[in-house]
Structures are given as structure tokens and as C-alpha cells.
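Results of the structural survey
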Amino acid sequence: MRGVCWLLIGLAALAFSVGTTIAFTHQVFLLEPVGYWRGAVGFLLFAIALRLMDTRHG
């Protein structure tokens, strides 16, 4: 479960980086920058929910 959470956190970082890059270069790559930022927040919330549902906590 921790591996999945780290994967989601990595995807969130990647989405945030891509969104920031295309925002500063004024280009569009599949989505507008806000779409990547929303995706990053979604990945992070999903990772938090998975961690909270994990009963082992360790």
C-alpha cells in the first residue's frame, strides 16, 4: 500500500511540474495547466485517503 501511495505522490509531482512548465511556456500539452494542477491535487488526496484507510499505519 505504501508503494501505491508513493506512486501517486510521484504522479502528483510530475503533473504539477508539467502544469507549471506549460504555464510558463504558454503552450498546451493535452490539457490546460489547471487540468494538471487539479490532477496533482486529486492524486495527493487519493494517496492521503489510502494512507488513512490502511490499518497497519507503519
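Here's what I pulled together on the structure shown here. (Residues numbered from 1 in each chain as written. Predicted model: local features only at pLDDT ≥ 70, side-chain atom pairs only at ≥ 80, totals over all residues. Heavy atoms only, no water.)

1. Side note on the overall build of the protein
Summing up its helical and strand segments, the protein has two helices and zero strands in all. Taking 2.2 N^0.38 as the reference for a compact globule, 58 residues should give roughly 10 Å; the C-alpha atoms of the protein span a radius of gyration of 13 Å, well beyond that estimate. For the protein, the C-alpha atoms occupy an extent of roughly 45 × 15 × 15 Å along the three principal directions. Burial status across the protein gives 21% buried among its 58 residues. Contacts spanning at least 24 positions in sequence make up 54% of the contacts within the protein whose residues lie at least 6 apart. As presented, the protein carries roughly 4,400 Å² of accessible surface, and 75% of it is formed by carbon and sulfur atoms. (Helix = DSSP H or I, 4+ residues; strand = E, 2+ residues; numbered from the N terminus. Rg over C-alpha atoms; globule rule 2.2 N^0.38 Å. Buried < 20%, exposed > 50% of the residue type's maximum accessible area, 1.4 Å probe, protein only. Contact = heavy atoms within 4.5 Å. Areas by Shrake-Rupley, 256 points an atom, 1.4 Å probe, with all protein chains shown as cover.)

2. A look at the packing of helix α1 (residues 2–25) against helix α2 (residues 33–53)
As a packed pair, α1 and α2 sit with axes 8 Å apart at the nearest point and diverge in direction by 165°. On the basis of their axis angle, the class for α1 and α2 is roughly antiparallel. Crossing angle aside, the handedness with which α1 passes α2 is left-handed. (Axes fitted to C-alpha atoms, helices over the stretch in contact; angles between N-to-C directions. Parallel < 35°, antiparallel > 145°, perpendicular 65-115°, else oblique. Left-handed = near helix turned anticlockwise from the far one by under 90°.)

3. Quick look at the pattern of salt bridges
Throughout the structure, instances matching the rule amount to one salt bridge. With its nearest N and O atoms 3.7 Å apart, the salt bridge here joins arginine 51 to aspartate 54. Accessibility expressed as a relative area gives 27% for arginine 51, which makes it partly exposed. (Salt bridge = Lys/Arg side-chain N within 4 Å of Asp/Glu carboxyl O.)

4. What to know about α1
Between the first and last C-alpha of α1 there are 35 Å, a value that for 24 residues agrees with the 34 Å anticipated at 1.5 Å per step. Burial in α1 covers these residues: Cys5, Leu8, Ala12, Ala15, Gly19 and Ile22. If you follow the buried residues of α1, they end up packed against α2. Positive backbone phi, at 55°, marks histidine 26, one or two positions downstream of α1. (Expected span 1.5 Å × (residues − 1).)

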